[in-house]
Amino acid sequence: MPRTLREVVFVDGVRTPFGKAGEKGIYAQTRADDLVIHCIRELLRRNPDLPPERVEEVALAATTQIGDQGLTLGRVAGLLSGLPKTTPGYSVDRMCAGAMTAVTNTASSIAFGSYEVAIAGGVEHMGRHPMGEGVDPNPRIVAEKLVDPSALVMGSTAENLHDRFPQLTKERSDAFAVGSQNKLEKAYANNKIQRDLVPVATRHEELGWGLATVDEPPRPGTTIDNLTGLKTPFRPHGRVTAGNSAGLNDGATACILASEEAARELGLPVRMRLVGYSFVGVEPEVMGIGPVPATEKALKQAGLTIEDIGLFELNEAFAVQVLAFLDHFGIADDDPRVNQYGGAIATGHPLASSGVRLMTQLARQFEEHPEVRYGLTAMCIGIGMGGAVIWENPHHADYGKEDAA
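Cut-offs and rules
- Residues numbered from 1 in each chain as written.
- Predicted model: local features only at pLDDT ≥ 70, side-chain atom pairs only at ≥ 80, totals over all residues.
- Heavy atoms only, no water.
- Phe/Tyr/Trp six-rings, centres within 6.5 Å; stacked < 30°, edge-to-face > 60°.
- Helix = DSSP H or I, 4+ residues; strand = E, 2+ residues; numbered from the N terminus.
- Buried < 20%, exposed > 50% of the residue type's maximum accessible area, 1.4 Å probe, protein only.
- Polar contact = N/O pair within 3.5 Å; in protein donor to acceptor, adjacent residues only side chain to side chain.
- Contact = heavy atoms within 4.5 Å.
- Salt bridge = Lys/Arg side-chain N within 4 Å of Asp/Glu carboxyl O.
- Domains from an automatic or database assignment.
- Buried area = accessible area lost by both parts, 1.4 Å probe.

Let's talk about the packing of aromatic side chains
Moving on, step 1. Across all of its chains, the model carries four aromatic pairs by this definition.
Moving on, step 2. Ring plane angle 80 degrees and centroid distance 5.9 Å describe the contact between phenylalanine 10 and tryptophan 391, whose orientation is recorded as edge-to-face. One end of the pair, phenylalanine 10, is in strand S1 (residues 8-15); the other, tryptophan 391, is in strand S12 (residues 385-392), and 381 residues separate them in sequence. An identical accessibility class is assigned to phenylalanine 10 and tryptophan 391; each is buried.
Moving on, step 3. Where phenylalanine 312 meets phenylalanine 325, the ring centres are 6.2 Å apart and the plane angle is 70 degrees; that geometry is what we call edge-to-face. Taken together, the residues span a long stretch of sequence, with phenylalanine 312 in strand S10 (residues 309-314) and phenylalanine 325 in helix H10 (residues 319-328) at a distance of 13 residues. For the pair phenylalanine 312 and phenylalanine 325, a shared accessibility class is recorded, and that class is buried.
Moving on, step 4. Three or more aromatic residues link up through ring pairs in this structure, and these residues are Phe312, Phe325 and Phe329.

Next comes the structure, spelled out in structure tokens:
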């Protein structure tokens, strides 16, 4: 019997403040699973009209699924968050796009009618679990020349992207990075970030007990001069530095997704409607180009063009990777539609959690820009992939109408 797919909406999203990875970071003594549990509990607190028993799935991502990021995290975190034992859960790994994949997986299940309400998100504690901890890459992937050895080092793939597109200079990357810092500083000053942050009680061997309420990685006041002389750790005389890349970070995110019918029934806010999504593989040596074909495919499937997108939330794993996207689509480096609140270069990038940060920020920008109908969240993904998700703004006058394209 033919099935009618249901519309899926983004109800709400939150995240912890992002911390610096390492012994001096704010979450050095905090468990990874506790970070994402804080997010789920906050979602339930902020949405009292959602009975916990109506949450029918918890999908949580982690790139390094070991220790306190292992043991089928979606199920265990759901139990520890106060969800009923009848709520199942599972774990996801698509490296940087883990939370993005958790969202698209659960959204697809909602659209198919398998359930009506789900929680999706991700966590990465890179201080406890550095990327690559405990992994054993099959030597054939290099020995049989399936990939260049540089494909296994994300910073090296960013250098390769500079090589492929010489117009993407270090100077452009540094200028973009300064812009990211400035935009995040302005967003904090205007209270754009704090409203979706979950305070986290912390304990540090040297500093004692504390409360994390703001992101730790930002460097307000950064200038081009500050970045000019930074070391290039992935290549002598290279172009990729700590200043024009996202750092090593700890943090978690989570969001509520629902069928549009269930959201209306329960009186839940409709912040965005899912239009379409795509994940695409690319050459692992230049993984940063991944968002380009992913976006092209998602646009084609949705019957839209890049001109229909009025707001962009692009993950800034490396400045060069965002610049490659902008150049491809003819978008200026400083286009005001792009990363209005700053990006991962300033905020931080706790790998598998970042996809939901992009979505939460886009949802807020939709509220501020009812004239914008469509927005895009996109990111590059390790080992040569890209992901893109297109959303519709419920505040737009044509929301819900047949797409003109």
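A word on the side chain of arginine 15
Moving on, step 1. Of note, arginine 15 is situated in strand S1.
Moving on, step 2. In terms of polar contacts, arginine 15 uses its side chain to reach the side chain of aspartate 215, at 2.7 Å.
Moving on, step 3. Arginine 15 has contacts with Cys39, Ile193, Asp196, Leu197, Val198, Asp215, Ala252, Thr253, Thr347 and Arg357, leaving out every residue within four places of it along the chain.

Regarding the pattern of salt bridges
Moving on, step 1. Here the structure, examined in full by the defined rule, presents 29 salt bridges.
Moving on, step 2. Connected through shared salt-bridge partners, Asp12, Arg46, Asp196, Arg271, Arg364 and Glu367 make up one network.

Here's the deal with the domain arrangement of the chain
Moving on, step 1. Here the chain is partitioned into domain 1 (8-130 + 247-273) and domain 2 (139-192 + 275-392).
Moving on, step 2. Distance between the C-alpha centres of domain 1 and domain 2: 22 Å.
Moving on, step 3. Taken together, the contact between domain 1 and domain 2 spans 37 residues of the former and 34 residues of the latter.
Moving on, step 4. Interface area for domain 1 against domain 2, summed over the two sides, is near 3,000 Å², with a carbon-plus-sulfur share of 68%.
Moving on, step 5. Considering only the side of domain 1, the residues that lose the most area to domain 2 are Cys96, Met100 and Arg273, jointly responsible for 27% of the buried surface there.
Moving on, step 6. Here domain 1 is connected to domain 2 by two salt bridges.
Moving on, step 7. Our count for the domain 1 to domain 2 interface comes out at eight residue pairs in polar contact (both at pLDDT 80 or more).
Moving on, step 8. Counting only elements with at least two residues in the side of domain 1 that touches domain 2, the list comes to S1, helix H3 (98-112), strand S5 (117-125), strand S8 (249-259) and strand S9 (272-281).

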